[in-house]
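# Remarks on the overall topology
Chain residues, written in single-letter form:
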Amino acid sequence: MAVDRSSPPPVGNDPLFHFPEIVRHTLANGLDLRTIEHRAAPVVTLVIQIEAGSGADPGNQEGLAAITADMVDEGTGSLSAIDVSDALSRIGGDYDVEVGADVVTFGLTTLARFADRGATLLADLITRPSLRETDFTRVRQLRLDRLRQMKDVAPAVAERAFLRLIYGAHPYGHLSIGNDAALHAVSIADVAAFHGGRFVPSQSTMVIAGDMTHQAMRALAEASFGGWTNSPTPVAWGRASEIEPPAESGTRLAIVPRERAAQSELRIGHLAVRRNTPDYSALLVMNSVLGGQFVSRVNLKLREEKGYTYGARTGFDWRRGRAPFAVHTSVHTAATADAVKDAHAEIEGLRGARPVTEKELSLAKASLTRGYPRNFETAGNVARAVAQLALYGLPDTYFQEFMPKVNAVTGDDVTRVAATHLDPSRLTTLVVGDHAAIAESLSRLVGDALVISPEI
Amino acid sequence: MTSPTLPFTKHTLANGLDVIVHEAHQVPIVAINIWYHVGSKDERPGRTGFAHLFEHLMFEGSEHHPGGYFPPLQQAGALLNGSTNTDRTNYWEVVPTSAVELALWMESDRMGYLLPAVTAERFETQRDVVLNERRQNYENRPYGMAMMAITSTLYPPDHPYHWMTIGAADDIKAMRLDDVHEFFRTYYHPANASLTLAGAIDTPRAMELAERYFGDLRPGPAPAQVTAAATLTREHRLVLEDRVELPRVYMAWHSPAMFADGDAEMDLLGDLLANGKTSRLYRTLVYERRIAIDVSAYQGSRELAGFFLVAATAAPGQSLTDIATAIDSELHAVINDGPTDAEMQRAAAQVEAHFLYRLQTVGGFGGKSDQLNAYNVFCGDPGYFSQDLTRYTSATRESVQAAAARLLRVDARVVLSVVPNGQPALALAGSEPVSVS
């Protein structure tokens, strides 16, 4: 039978989606445990999430949270850093650390038959790291060297400058790696104090997902992290999310000069809302239309229509406190001013002059909802997703409710949240590029440029 | 412990298209993955970068759906992408079970009927997009041009690996729409492709759908596969100035082709040299002596020939000479004495785990569907997974040592120093300036 090529075949009904049951238990030391059975492979993922993200860095010690997290696998008890690396590789362990704005997340994936060894090692590392001076000196120097190298990496320079421009001195206003002066100011005693004060079970979350029963995962948690104790003298600390960032006024153009750069790295955006905004679902849809996927206004304009770039996207860098919204792209130097102009126009347009069409709305919602189940294919995917629930205080039913909530978003909602939460009169336009080649045309467009150093 | 497996069913359609199906019903998604056995190795000098530019055009629409490849698939909740390397071009979608037919319709339409949708305007725009990709990922990235300098010396000018897949900027600018037609007719047809469906789908239905959507596409002659040889007869020392803060040294050798004798050993050697703090080079250069801030070593397995690469970035104030001497000393040690038992035990644990972790996802780059196609295209057998694992589990101290001794010769390699602009004196002694563009 020949295929009918007059039009693509229709898509069937969406398959049913069930997020597996999350079982919760609080250990005697206050550790918030969540377990999920995931039987697709004989693998287990352990996640420990601690209130020690880069937003917890003291003002003069930016980078403290990240270097503390880095020191965790540098030794414990009688094990040196080399021994730890050896022990991890002997269980085929895949260990990683992510330092977010609010929390730091440690992950370990291992074969299910090594779950005990993996959990015991992870607990030793996180709760009893050696924090030796000699390791600290080496780790800090490697971070200082990485900072130096980052000066040549245009996207890293852009991220760093953009956060500083929009957050100012707020604790969210820096990359987790910090800066040169601050890292020099940090000592191993500071790391020990930060670890002692922040790495406490009563403020932390553990998620286990894998090829085990809930009961076995709970026993695993009790056996490994049950002995983790809270500090007898708790340190009082606030959250970065409780501090209101400074108000932005007016539009700004900032250039980090990069002589003879082949491309201009762009960030265009401003502070927006918190992750727990009631407009979250509508904002996801709005962002999908604007620049959250390949078929979106910004990418179609800058890449597919104009050929200015390999790709352009927009997004919210979510956190508990107010999150940045930004256009991210890297464009051919000669196209810089035109690309900035087009990006501004797309942000403005979606707020009302060119409201979302039915077709765009349908595409955005479908792409967010119909593909949703693939986000939960591996034990690692599932464990990290559940850790996000703890981070943002979301209910266990969140994943099950995601699709209906997104599907309920209307075109009016999209226009409303674009008009409410995107504000062309507050946009910061940051360019890392060839100053001599772009300054004049950009100034005509968005006013005089503030020229800033890559180490702002 | 039982070894991980990757079960499948394979059937070849009358037009030559290989169809492979793997069932995995945990999540209601299906991965569709197509490999075309064409890459930058099939290009000619002066026409480099074409296979990759062509991949871009495959997303611009086809005769019966000229409005672009992405919209209907995104509307159906698909995740999709493609990539080109020296040896092959792959395309994939991960779709909800409800959109399998849509994805097959779209893939088969561009396999059979791409050309009418490729307009001059689209061609020119994608040429610009690719030039931007090149600027972003190579020209504007620290050390981004290093591999171009290395491959252009490792392989002679007429060797298919002499150039990189992204191609030369001048070649990309000179490409014509006419070239697209010939390339499509030669390489994009069922007999030069392999289709895998993996996920929540029953095998008989998957086979029936593959036949329905692809069965009537015109067959074509399997294109001749290129072959080429390259040898190095001395050490080539090169220096490249770049926008970097810290100098870096690269050492590159010829090594076995993918799946050839010694390929797995060199892969294991890369790990024991530079993967993790226990590895020899990391431990010596970064952990103990602190003369380097990072080090990497890996076996680049490719269809015609492999290369083995070691690279290390100098710590501030440290010389590349000291680093190169330290690397040579570690290589000498492993050539003389081979790996230790402890290193082989660690390697065995990591091999088992990583083969298993590879089985966690059905789609995307490196997922099960991509692996089945890789084994089918390069070995003619999608079931090669188990033999592939055996290559690693049967490696011994002696076989790793023998491969290292045979291949890592100091008198047959390319050594590249990348140094900050204006500071060529930081390169290793005797390095010749190399120009890449």
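Residues numbered from 1 in each chain as written. Chains lettered and ligands numbered in written order. Predicted model: local features only at pLDDT ≥ 70, side-chain atom pairs only at ≥ 80, totals over all residues.

Tallying secondary structure elements over chain B gives 15 helices and twelve strands in all. What you see for chain B is a C-alpha radius of gyration of 23 Å, in line with the 22 Å of a compact globule of 437 residues. Judged by the C-alpha coordinates and their principal axes, chain B covers about 60 × 55 × 35 Å. By residue count, 55% of the 437 residues in chain B fall in the buried class. The contacts in chain B between residues at least 6 apart in sequence include a share of 79% that link residues at least 24 apart. (Helix = DSSP H or I, 4+ residues; strand = E, 2+ residues; numbered from the N terminus. Rg over C-alpha atoms; globule rule 2.2 N^0.38 Å. Buried ≥ 20, exposed ≤ 12 C-beta atoms within 10 Å, placed from the backbone. Contact = placed C-beta atoms within 7 Å.)

Moving on, we get to the sheet that holds strand β4 (residues 79–84) of chain B. Residue and element names in this part refer to chain B. Read across the sheet, six strands follow the order β1-β2-β6-β3-β5-β4 without closing on themselves; strand pairing throughout is mixed. If you trace the sheet from one side to the other, it starts and ends with β1 (9–12) and β4, each paired once. Averaged over all pairs of adjacent strands, the angle between strand axes in this sheet comes to 15°, irrespective of strand direction. Of the pairings in the sheet, the one linking strand β3 (residues 29–36) to strand β5 (residues 89–96) comprises eight bridges and is antiparallel in character. Bridge pairing in β5 places Ala31 opposite Val94. The sheet contacts of helix α8 (residues 203–214) involve β1, β2 (18–23) and β6 (193–199), and relative to β2 the element is tilted by about 150°. (Pairing = 2+ DSSP bridges. Axes fitted to C-alpha atoms, helices over the stretch in contact; angles between N-to-C directions.)

Hydrogen bonds along the backbone pair up the strands of a sheet, which may run parallel or antiparallel. Residues and elements named next belong to chain B. Strand order in the open sheet formed by six strands is β9-β10-β8-β11-β7-β12, and the pairing between neighbours is mixed. Edge positions in the sheet fall to β9 (292–300) and β12 (432–433), since each has one partner strand and no second. Across two bridges, the pairing between strand β7 (residues 235–242) and β12 is parallel. Paired with Val239 across the strands is Pro433, a residue of β12. Along the sheet, helix α5 (residues 146–154) makes contact with β7, β8 (248–255), β10 (306–314) and β11 (413–420), crossing β11 at roughly 155°.

What follows covers the environment of A:Gly53. Mapped onto the fold, A:Gly53 is located in the loop between β3 (43–50) and α1 (64–71). Residues within four places of A:Gly53 in sequence aside, it is in contact with A:Ala65, A:Val99, A:Gly100, A:Ala101, A:Asp102, A:Val103 and A:Val104.

We now examine the interface of chain B and chain A. Taken together, the contacts link 60 residues of chain B with 61 residues of chain A. Put simply, the parts of the chain that give the side of chain B that touches chain A at least two residues each are α2 (70–75), β5, α3 (100–113), α4 (120–139), α8 and α12 (341–357) of chain B. The element best represented in the side of chain B that touches chain A is α4(B), accounting for eight residues. When grouped by side-chain class, the residues that make up the side of chain B that touches chain A number 28 nonpolar, 17 polar and 15 charged. (Nonpolar A, V, L, I, M, F, W, Y, C, P; charged D, E, K, R; others polar.)

Let us look at the domain arrangement of chain A. All names here are of chain A. Here chain A is described as being made up of domain 1 (23–233) and domain 2 (252–385 + 393–451). Of note, the centres of domain 1 and domain 2, computed from C-alpha atoms alone, are 30 Å apart. Contacts between the two partners involve 22 residues from domain 1, matched on the other side by 23 residues from domain 2. For the side of domain 1 that touches domain 2, the elements supplying multiple residues, two or more each, are β3, α5 (154–167) and β8 (205–210). Tallying contributions element by element places α5 first for the side of domain 1 that touches domain 2, with eight residues. Of the residues that constitute the side of domain 1 that touches domain 2, the class distribution is 17 nonpolar, four polar and one charged. (Domains from an automatic or database assignment.)

Turning our eyes to something else, we now look at the domain arrangement of chain B. Residues and elements named next belong to chain B. For chain B, the domain assignment lists domain 1 (9–214) and domain 2 (235–433). Taking only C-alpha atoms, the centre of domain 1 and the centre of domain 2 are 28 Å apart. With 32 residues of domain 1 in contact, the opposing surface of domain 2 contributes 31 residues. Per element, the largest residue contribution to the side of domain 1 that touches domain 2 is five residues, and it comes from α5. The class makeup of the residues in the side of domain 1 that touches domain 2 is 17 nonpolar, ten polar and five charged.

All names here are of chain A. Among the nine residues that make up strand β12 (residues 324–332), nine are buried, leaving the element largely enclosed by the rest of the structure. Note: strand β10 (residues 263–271) against β12, nine bridges, orientation antiparallel. Along β12, the bridge assignment pairs Ser264 with Val331. Sheet analysis places strand β11 (residues 309–316) next to β12, joined by six bridges and oriented antiparallel.

Residue and element names in this part refer to chain A. Here α1 crosses helix α4 (residues 133–150) at 125°, and the two axes come no closer than 10 Å. In terms of their interaxial angle, α1 and α4 are classed as oblique. α4 is crossed by α1, and the crossing has right-handed handedness. Together, Ile67, Asp70 and Met71 of α1 and Asp135, Phe136, Val139, Arg140 and Arg143 of α4 make up the contact between the two elements. (Parallel < 35°, antiparallel > 145°, perpendicular 65-115°, else oblique. Left-handed = near helix turned anticlockwise from the far one by under 90°.)

All right, on to helix α11 (residues 336–353) of chain A then. The end-to-end C-alpha distance of α11(A) is 24 Å, a good match for the 26 Å that 18 residues give at a rise of 1.5 Å each. Restricting attention to buried positions, one finds in α11(A) the residues A:Thr336, A:Ala337, A:Ala339, A:Val340, A:Asp342, A:Ala343, A:Glu346, A:Ile347, A:Leu350 and A:Arg351. (Expected span 1.5 Å × (residues − 1).)

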